[in-house]
Amino acid sequence: MTESTTVKSFKTEELDVDIRNAILNVCVIAHQEEDFKNLFSYVPSGGWHFLAFQGEQLVSHAMVTTRWLQPEGQPALKTAYIDAVATLPSAQRHGHGSVLMRHLASAIDSEYIIGCLETDDQVKFYERLGWELWQGPLAGRSEQGLIPTPEQKGIMVLRLSQTPALNLDSTLTIECQDERIW
């Protein structure tokens, strides 16, 4: 790393237009996915954004929203659900994402029982930071009952100081949202 990484966090409501646009830019470029332009339509309020800067430039982003995971045989756990994790390609492999995710993990520890995220191809990155891949069956919880999601892969959890004992091979469910399950 040529310059140190500075991490700041903001609630969605605190983000001005310029920083929102910078976040969208990082997400779209990092994921090559135009739908990230709609991030603030999907999460108009209630998010907690973690931003990593190299000097004055935003290089990495992650967002936390509150969801409710329920491991089999346990009550629903207040969950820090991590979304929109992105680092500019030019800034990848320089430690910015790791610094950001460590800062995020420390910040959520007092507010949440467990952390959760979904990843397609970054399992090893998250495992280095203490995240664990859920091995058991996954499902969504709706008013109609459980909706199995056997095709869902890459669900990872982060044990926090209040996380109860977990069996990673048991069933894990999450409340269904309008647009998605996981």
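Everything discussed here concerns the structure shown above.
Per-chain numbering applies: the sequence of each chain, read as written, is numbered from 1 onward. The predicted origin of the model limits local features to residues at a pLDDT of at least 70 and limits the giving and counting of side-chain atom pairs to 80 or more, whereas totals for whole chains, interfaces and linings rest on all residues. Hydrogens are left out, water is left out, and the side-chain values use all remaining heavy atoms of the structure.

Draft legend 1. Geometry of the overall build of the chain. Numbering of helices and strands runs from the N terminus; a helix is a DSSP stretch of H or I covering at least four residues, while a strand is a stretch of E covering at least two. When its secondary structure is counted, the chain shows 4 helices and 10 strands. Secondary structure elements of the chain occur, N-terminal to C-terminal, as β-α-α-β-β-β-α-β-α-β-β-β-β-β. Both definitions apply: the radius of gyration is a C-alpha atom measure, and the globule rule equals 2.2 Å times residues to the power 0.38. The globule rule puts the C-alpha radius of gyration for 182 residues at 16 Å, and the 16 Å found for the chain is close to it. Looking at the chain residue by residue over its 182 residues, the buried ones come to 49%. Long-range pairs, those at least 24 residues apart, make up 70% of the contacts in the chain between residues at least 6 apart in sequence. Per element, the accessible surface of the chain, about 9500 Å² overall, is 47% carbon and sulfur. Distance between charge centres in the chain, computed from 14 positive and 24 negative side chains, equals 5 Å. Relative accessibility decides the category of a residue: with a 1.4 Å probe and only protein chains considered, values under 20% of the type maximum give buried, values over 50% give exposed, and everything between is partly exposed. What makes two residues a contact is simply this: any of their non-hydrogen atoms within 4.5 Å. Using a 1.4 Å probe, the Shrake-Rupley method yields the accessible areas, and only the shown protein chains count as cover for residues. Only four residue types enter the charge count, namely Lys and Arg as positive and Asp and Glu as negative; His and the chain termini do not. Lys charges are placed at NZ, Arg charges at CZ, Asp charges at CG and Glu charges at CD.

Draft legend 2. Structural view of the state of the cysteines. Our working definition of a disulfide is a cysteine sulfur pair at a distance within 2.5 Å. Per the stated rule, a full pass over the model turns up 0 disulfides. Cys116 provides the cysteine sulfur closest to Cys27, a residue in no disulfide bond, and the two sulfurs are 18 Å apart. Cysteine Cys176 shares no disulfide, and the gap to the nearest cysteine sulfur, in Cys116, comes to 14 Å. The exposure class of Cys176 is partly exposed, given its relative accessible area of 25%.

Draft legend 3. Region of interest: helix α3 (residues 96-108). Multiply 1.5 Å by the residue count of a helix minus one, and that product is the helix's expected span. With 13 residues, α3 should reach 18 Å at 1.5 Å per residue; the first-to-last C-alpha distance of 18 Å fits that figure. Among all positions of α3, only His96, Gly97, Ser98, Leu100, Met101, Leu104, Ala105 and Ile108 are buried.

Draft legend 4. Quick peek at the environment of Leu88. Among the secondary structure elements, Leu88 is positioned in the loop between β4 (77-87) and α3. Judged by its relative accessible area of 7%, Leu88 is buried. Between the C-alpha atom of Leu88 and that of Ile29, which follows or precedes it by 59 residues, the distance is 6.6 Å. Beyond its immediate sequence surroundings of up to four residues, Leu88 is in contact with Val26, Ile29, Gln57, Leu58 and Val59.

Draft legend 5. Highlighting the layout of surface pockets. Of the voids in this model, the largest pocket is the one considered here, and its volume is about 1400 Å³. A pocket here means an open set of points on a 1 Å grid, computed over the protein atoms alone, that has protein on both sides within 12 Å along at least five of seven lines. A cavity is instead a set of points where a 1.4 Å probe fits but cannot get out; residues with an atom within 4 Å of a point line either one. Taken together, 44 residues line the largest pocket, and the ones lying closest to its centre are His31, Phe36, Ala84, Val85 and Glu118. For the lining of the largest pocket, the elements supplying multiple residues, two or more each, are α1 (17-31), α2 (39-42), β3 (57-71), β4, α3, β5 (114-118) and α4 (123-128). Looking at the lining of the largest pocket element by element, the count peaks at 7 residues for β4. Classification used: nonpolar for Ala, Val, Leu, Ile, Met, Phe, Trp, Tyr, Cys and Pro, charged for Asp, Glu, Lys and Arg, polar for all others including Gly. Looking at side-chain class alone, the lining of the largest pocket contains 18 nonpolar, 14 polar and 12 charged residues. Grid points are joined across faces, edges and corners, and a volume is the space filled by probe spheres set on the points.

Draft legend 6. Quick look at the nonpolar core. Of all hydrophobic cores here, the largest spans 44 residues; its most connected members are Ile23, Val64, Ile82, Met101 and Trp131. Secondary-structure elements contributing two or more residues to this core are α1, α2, β2 (48-54), β3, β4, α3, α4 and β9 (155-159). Here, the term nonpolar core denotes a set of buried Ala, Val, Leu, Ile, Met, Phe, Trp, Tyr and Cys residues that are joined through side-chain atoms within 4.5 Å. Formed by 16 residues, the second largest nonpolar core is a distinct cluster that contains Leu69, Tyr81, Cys116 and Leu138.

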